[in-house]
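Structure at a glance
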Amino acid sequence: MADSNNKPRVVIVGAGFAGFNAARELSRLIGATAEIVVINSTDYFLYLPLMPQVTGGLVESAHICVSLAGRLRKTRFVLGTVNRVDARRKTVSWDGPEGSSGQVGYDRVILTAGSVNKLLPIPGIADYAHGFRTINEALYLRDHIIRQLELAALAADPAERAARCTFVVVGAGYTGTELTAHGQRLTTRLARVLPGLAGQEIRWLLLDTSPRVLAELDPRLSRTAERVLRRRGVEVLTGESVEQALDGSVQLTTGDKVATRSLIWCVGVRADPLVDGLDLDTNRGRLQVDEYMAVPGSDDIYACGDCAAVPDLTRPGQICGMTAQHAQRQGKLVARNVAASLGKGTQRPYKHGDLGFLVDLGGLAAAANPLHVPLSGPVANALTRGYHLSAMAGNRMRVAADWTLNGITPSEPTSLAVIDAASVPLDVNKPRA
Ligand SMILES: Cc1cc2nc3c(=O)[nH]c(=O)nc-3n(C[C@H](O)[C@H](O)[C@H](O)COP(=O)(O)OP(=O)(O)OC[C@H]3O[C@@H](n4cnc5c(N)ncnc54)[C@H](O)[C@@H]3O)c2cc1C
């Protein structure tokens, strides 16, 4: 990339919750005196918390993808995947679309590459499970679920029908819980319009090794979520997991073998593989940083969000969880600290107390504890959706319109089948056949 001026250059790698907010804040603070370059693998900022609603057909996929070029006008945006950060030469290199590539020097670099699906050493998982971390996975899963019911409706063999109508979700954190809630509603709706499925049981199983769903959140949220799911017929299996995934079935730790074509993997995430290639210290796979989000021993590399182990000053000795709440706030503060390192303002340590959590369970159901006040039902649901609208970087009207229209006349589930299984492998290093 050509030098455009003699201003100090700040390069931001990744434009999700942390990077996007860092870029916006930096533009505001030092946009006139520094050059800000943002490099991201996609040309949009993905609002991940609404992905379960995309799979459930409540929200259009494009509406949770916010244009980076449109929203980060005071930065130079590069569409590319960073493959190397050379701390000695102070350069960042990337591969772009259509065989393009490039390199840029930096005075400061902020690493906010996020996370990817976490794998566990369980036989067959990489071959048969579907992940849920990218918009392609959300769309693939939606099509896959619809297709299973459509094929089940035509199947003459009762065993095949039952397998296609069984969905196994592993991991009952907020991702797995919300996905199960929205997926179950999608299949209930679809079953009503497929006469071939009359009387057919549709099973959703939600498994977690923890003793309760939403184990990392307030137990009151767990109770609400579990009650809502069980009421809808979801089989919640806590303290259990998958022992082995096979072609057409899964072996559970309960000893049961469940015939299914749908094993959905929501056990959590790990730092983006970019972190592995850097010659920098890590903590639980995330980049080690101090409370200012600077990499120790370096005065020009910063990192935050899911890819970094930011100390949690509210819980001494622990690191911040991988949540949008943290990433967004860390992004804003890292921008201030980087600006301070360039002479504008003073650095501040990151300290953020938990403000509560919001879990949308579809329909009018939700479990929330804003400021630690437990809420459920329509009030929690309205609050959850209001929060998402305020937290989104754009497309708010479109998302609100999706909710309104779907409330009046639910969208008809159709499978566009634009994404095939091979393009969404759970393990990026192990292509699926
Ligand atoms: C389905 C789902 C639902 C969730 N719901 C909630 C919720 O309700 N509340 C909550 O607090 N948290 C939620 N989370 C967690 C939250 O989304 C993450 O903690 C948050 O996205 C982390 O922000 P980040 O900026 O670190 O990473 P991301 O937001 O993932 O951004 C990383 C960015 O870096 C880009 N990138 C990656 N590698 C490279 C590279 N090599 N070069 C260039 N660019 C790269 C990616 O394309 C992406 O744009 C959810 C997560 C998921 C998967």
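Look above for the structure.
Residues numbered from 1 in each chain as written. Predicted model: local features only at pLDDT ≥ 70, side-chain atom pairs only at ≥ 80, totals over all residues. Heavy atoms only, no water.

**Section: the overall build of the protein chain**
The condition that has to hold: Here a strand is any run of E in DSSP of at least two residues, a helix any run of H or I of at least four, and the numbering for each starts at the N terminus. Throughout, the radius of gyration refers to the C-alpha atoms, and the reference size of a globule is 2.2 Å times the residue count to the power 0.38. Remark: exposure states derive from per-residue accessible area (1.4 Å probe, protein chains only) relative to the maximum for the residue type, with buried under 20%, exposed over 50%, and partly exposed in between. Note on definitions: a residue-residue contact is assigned when non-hydrogen atoms from the two residues lie within 4.5 Å.
Along its length, the protein chain carries 11 helices and 26 strands. Rg of the C-alpha trace for the protein chain: 22 Å, near the compact-globule value of 22 Å for 433 residues, within the 12% margin. Seen along its three principal axes, the alpha-carbon backbone of the protein chain occupies a region of about 70 × 50 × 40 Å. In the protein chain, which comprises 433 residues, the share counted as buried stands at 52%. For the protein chain, long-range pairs separated by at least 24 residues make up 68% of all intrachain contacts whose partners lie at least 6 apart in sequence.

**Topic: the packing of aromatic side chains**
How we decide: Here is the rule: rings of Phe, Tyr and Trp (six-membered ring for Trp) pair when centre to centre is within 6.5 Å. Planes less than 30 degrees apart are stacked, more than 60 are edge-to-face, and the remainder are tilted.
All chains considered together, the criterion is met by 5 aromatic pairs. Between phenylalanine 20 and phenylalanine 45, the aromatic rings sit 4.9 Å apart at their centres with planes inclined by 25 degrees, giving stacked as the arrangement. Separated by 25 residues along the polypeptide, phenylalanine 20 in helix H1 (residues 17–30) and phenylalanine 45 in strand E3 (residues 44–46) bring together distant segments of the chain. Judged by its relative accessible area of 1%, phenylalanine 20 falls in the buried class. With 4.7 Å between their ring centres and 15 degrees between their planes, phenylalanine 167 and tryptophan 204 make a pair best called stacked. Pair noted here: phenylalanine 167 is in strand E12 (residues 166–170) and tryptophan 204 is in strand E13 (residues 203–208), with a separation of 37 residues, a long-range link.

**Here we look at the sheet that holds strand E24 (residues 358–360)**
Basically, it comes down to this: For two strands to be treated as a pair, DSSP must find no fewer than two bridges joining them. Axis definition: a line fit to C-alpha positions, over the contact stretch in the case of helices; interaxial angles, taken between N-to-C directions, run 0 to 180 degrees.
The antiparallel open sheet is built from 3 strands, whose spatial order is E24-E25-E26. Each of the sheet's edge strands pairs with one partner strand only, and the pair in question is E24 and strand E26 (375–376). Strand direction decides the pairing type here: strand E25 (residues 366–368) and E26, joined by 2 bridges, are antiparallel. Residue alanine 367 lies in a different strand from E26, and its bridge partner there is serine 376. Of the strands in this sheet, E24, E25 and E26 are in contact with helix H8 (residues 219–231), which crosses E25 at around 175 degrees.

**Focus: the sheet that holds E12**
One open sheet accounts for 5 strands, arranged E11-E18-E12-E13-E14; its pairing is parallel. A strand with exactly one partner marks an edge of an open sheet, and here the two such strands are strand E11 (129–130) and strand E14 (235–238). Note: E11 against strand E18 (residues 262–265), 2 bridges, orientation parallel. If you follow alanine 129 over to E18, its bridge partner there is leucine 263.

**As for the packing of helix H5 (residues 135–154) against helix H7 (residues 174–193)**
For clarity, the cut-off: When the near helix sits turned anticlockwise from the far one by under a right angle, the crossing is termed left-handed; a clockwise turn instead gives a right-handed crossing. When residue character is reported, Ala, Val, Leu, Ile, Met, Phe, Trp, Tyr, Cys and Pro are called nonpolar, Asp, Glu, Lys and Arg charged, and the others, Gly included, polar.
The interhelical angle for the contact between H5 and H7, taken along N-to-C directions, is 40 degrees, at an axis separation of 10 Å. Classified by chirality, the crossing of H7 by H5 is right-handed. From H5, Leu141, Arg142, Ile145, Ile146 and Leu149 reach across to H7, where they touch Leu179, Leu186, Thr187, Leu190 and Ala191. The residue inventory of the contact of H5 with H7, partitioned by class, reads 8 nonpolar, 1 polar and 1 charged.

**Regarding the nonpolar core**
As a reminder of what qualifies: Side-chain atoms within 4.5 Å link the members of a nonpolar core, which is a set of buried Ala, Val, Leu, Ile, Met, Phe, Trp, Tyr and Cys residues. Domain ranges listed in this record stem from an automatic or a database domain assignment.
Core analysis: the largest hydrophobic core is formed by 108 residues, its most contacted members being Val11, Leu26, Ile39, Ile64, Val92, Ile110 and Leu111. The residues that make up this core include at least three from each of domain 1 (9–41 + 80–117 + 270–341) and domain 2 (125–267 + 356–408). Among all residues touching isoleucine 64, those that are not within four sequence positions of it are Phe45, Leu46, Tyr47, Leu50, Met51, Val54, Val59, Ile135 and Met392. In this structure, Val168, Leu205, Val258 and Leu426 belong to the second largest nonpolar core, which totals 15 residues.

**Digging into the side chain of arginine 108**
Rules: By the counting scheme adopted, Arg and Lys are positive, Glu and Asp are negative, and His together with the chain ends is not counted. Here, a salt bridge means any Lys or Arg side-chain nitrogen found within 4 Å of an Asp or Glu carboxyl oxygen. Two N or O atoms form a polar contact when they lie within 3.5 Å of each other; inside protein one atom must be a possible hydrogen donor and the other a possible acceptor, and for residues adjacent in sequence the pair counts only when both atoms belong to side chains.
Its place among the elements puts arginine 108 in strand E9 (residues 108–111). Here arginine 108 sits buried without a salt bridge, and the closest side chain of opposite charge, aspartate 300, lies 5.5 Å off (N-O distance). In this structure the side chain of arginine 108 is engaged in a polar contact, spanning 2.8 Å, whose partner is the side chain of serine 341. Leaving out residues up to four positions away in the same chain, arginine 108 has contacts with Arg9, Val10, Val11, Asp299, Asp300, Tyr302, Val338, Ser341 and Leu342.

**A look at a nonpolar patch on the surface**
Note the threshold: Nonpolar side chains (Val, Leu, Ile, Met, Phe, Trp, Tyr) are joined into patches within 5 Å and like charges within 9 Å, using only residues with over 30% relative accessible area and no salt bridge. Using a 1.4 Å probe, accessible areas were evaluated by the Shrake-Rupley method; residue-level cover was limited to the displayed protein chains.
On the surface, Leu355, Leu371 and Val373 cluster together into a nonpolar patch covering about 280 Å² of accessible area. Of note, valine 373 is situated in the loop between E25 and E26.

**A look at the site of the ligand**
Note the cut-off: Summary of the distance rule: residues count as near a molecule or strand when at least one heavy atom falls within 4 Å of that molecule or strand.
Contacts to the ligand come from 30 residues, most closely from Ala18, Asn40, Val82, Arg133 and Asp306. Taking serine 41, its side chain carries an N or O atom lying 3.1 Å from a nitrogen atom of the ligand. Expressed as a share of its isolated accessible area of 990 Å², the protein-covered part of the ligand is 91%. Of all elements in the fold, only H1, strand E2 (35–40), strand E6 (81–86), H7 and helix H9 (324–341) reach the threshold of two or more residues within the shell around the ligand. Tallying contributions element by element places H9 first for the shell around the ligand, with 3 residues.

**Focus: the environment of valine 399**
With respect to the secondary-structure elements, valine 399 resides in helix H11 (residues 396–408). Judged by its relative accessible area of 0%, valine 399 is buried. In the structure, valine 399 is positioned 346 residues away from glutamine 53 in sequence and 10 Å away in space, judged by C-alpha atoms. Setting aside residues up to four positions removed in sequence, valine 399 forms contacts with Leu50, Val59, His63, Leu389 and Met392.

**With respect to the pattern of salt bridges**
Taken as a whole, this structure holds 13 salt bridges when the rule is applied. Taking the shortest distance from any N to any O, the salt bridge between glutamate 160 and arginine 164 comes out at 2.8 Å. Placement of both glutamate 160 and arginine 164 in helix H6 (residues 158–164) is noted, with a separation of 4 residues, approximately one turn of the helix. What makes glutamate 160 partly exposed here is its relative accessible area of 25%.

**What to know about the side chain of asparagine 369**
As for its placement among the helices and strands, asparagine 369 is situated in the loop between E25 and E26. On the basis of relative accessibility, which here comes to 4%, the residue asparagine 369 falls in the buried class. Sequence-distant contacts of asparagine 369, that is, excluding residues within four places in its chain, are made with Asp218, Leu221, Leu355, Gly356, Phe357 and Pro374.

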